[in-house]
Amino acid sequence: MVKIQPETVGLGAELPRHVGIIMDGNGRWATRRGLPRKLGHRAGMERLRGLIRFSSDIGIEVLSLYAFSTENWKRPKEEVGALFELFMEYFLSELDDLHKNGVCIRIMGDMSAFPEKMQRAMEEAMTKTANNPGLKLNIALNYGSRAEVVRATNILVQKGEPVDEKSLMNALYTAGLPDLDLIIRTAGERRLSNFMLLQAAYAELVFTDVTFPDLTDEEYASCIREYQHRTRRFGAVVEK
Ligand code: FPP
């Protein structure tokens, strides 16, 4: 249900159906303030609440978030532990609210690597919200696009199904969802870092210098506005 007409926040009516956010810069946000990095992740988590609400209110269909990559295990043990605690806290504290707001949660990634109680919290979040009609929220945790493609291919091989574009896309975590239209990466880096590479085949990429905790609704809307000014060709010729 659209609660904010896009025009009232300066957006055109043609919204991206599927937005991905590479939530970068939590560490820098904290360091610049003389705070430990884990407080940057906490600030990121707090900002997430508003961004999910805003996405849902303006009528974005799918929001995919890069929360923990297969490469993030290389971080100091203490930071990885602090992130897991935060993810747990998030699922415990936000689930009821997300559910009430009709959000449907899907975890993308290999959950088996996480502590058991975290796996249970993630399973509960998915099961409880599975039939919700609102925003589809994909959270990438222990996720890497290459690992996702390997997993999808193995699923097809085990089922004895031919691997073609359609079957491969349908064996990804995003089965049944539209491709990404827009990827936003915060904090100035300009790369995809193994995030949803197949789903991003024709996505528009928007980079902003603000760190993730500083990605206000206004800045987010301005990224969407930049997307709305792009001409999408999907490999064809588009007359201007
Ligand atoms: C990248 O910033 C951010 C992460 C690896 C973690 C993202 C996590 C959150 C936003 C917390 C909440 C998420 C959920 C799903 C509850 P960085 O640490 O690489 O920042 P830096 O590049 O400045 O060091």
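Everything discussed here concerns the structure shown above.
In this report, the structure presented in the accompanying data block is examined. (Residues numbered from 1 in each chain as written. Predicted model: local features only at pLDDT ≥ 70, side-chain atom pairs only at ≥ 80, totals over all residues. Heavy atoms only, no water.)

A word on the site of the ligand
If you check the shell around the ligand, you find 19 residues, and the closest are M23, G27, R28, R37 and R75. For the ligand, an oxygen atom lies 3.2 Å from a polar atom in the backbone of N26. R28 is positioned such that a nitrogen or oxygen atom in its backbone is 2.7 Å from an oxygen atom of the ligand. Calculation on the ligand without its partners gives an accessible area of 620 Å², and the protein chains cover 92% of this total. Secondary structure elements with two or more residues in the shell around the ligand: α1 (26–32), α2 (37–58) and α3 (77–100). Sort the elements by how many residues they give to the shell around the ligand and α2 lands first, with five residues. The class makeup of the residues in the shell around the ligand is nine nonpolar, six polar and four charged. (Near = heavy atom within 4 Å. Polar contact = N/O pair within 3.5 Å; in protein donor to acceptor, adjacent residues only side chain to side chain. Areas by Shrake-Rupley, 256 points an atom, 1.4 Å probe, with all protein chains shown as cover. Helix = DSSP H or I, 4+ residues; strand = E, 2+ residues; numbered from the N terminus. Nonpolar A, V, L, I, M, F, W, Y, C, P; charged D, E, K, R; others polar.)

Re unusual backbone geometry
Here the phi dihedral of N142 falls at roughly 50°; this positive angle occurs in a residue that is not glycine. Mapped onto the elements, N142 comes out in strand β4 (residues 136–143). We note that S193 has phi near 50°; this positive angle belongs to a residue other than glycine. By secondary structure assignment, the location of S193 is in the loop between β5 (182–185) and β6 (204–207).

Some thoughts on the sheet that holds β4
Read from one edge of the open sheet, six strands run β3-β4-β2-β1-β5-β6, paired in parallel fashion. Single-partner strands in this sheet number two, and they are β3 (104–108) and β6. Sheet twist, expressed as the mean angle between neighbouring strand axes with direction ignored, is 20°. By the bridge criterion, seven bridges tie strand β2 (residues 62–69) to β4 in an arrangement that is parallel. Along β4, the bridge assignment pairs Y66 with A140. On top of the sheet, helix α4 (residues 116–129) reaches β3 and β4; it is set at about 140° to β3, its chief contact. (Pairing = 2+ DSSP bridges. Axes fitted to C-alpha atoms, helices over the stretch in contact; angles between N-to-C directions. Contact = heavy atoms within 4.5 Å.)

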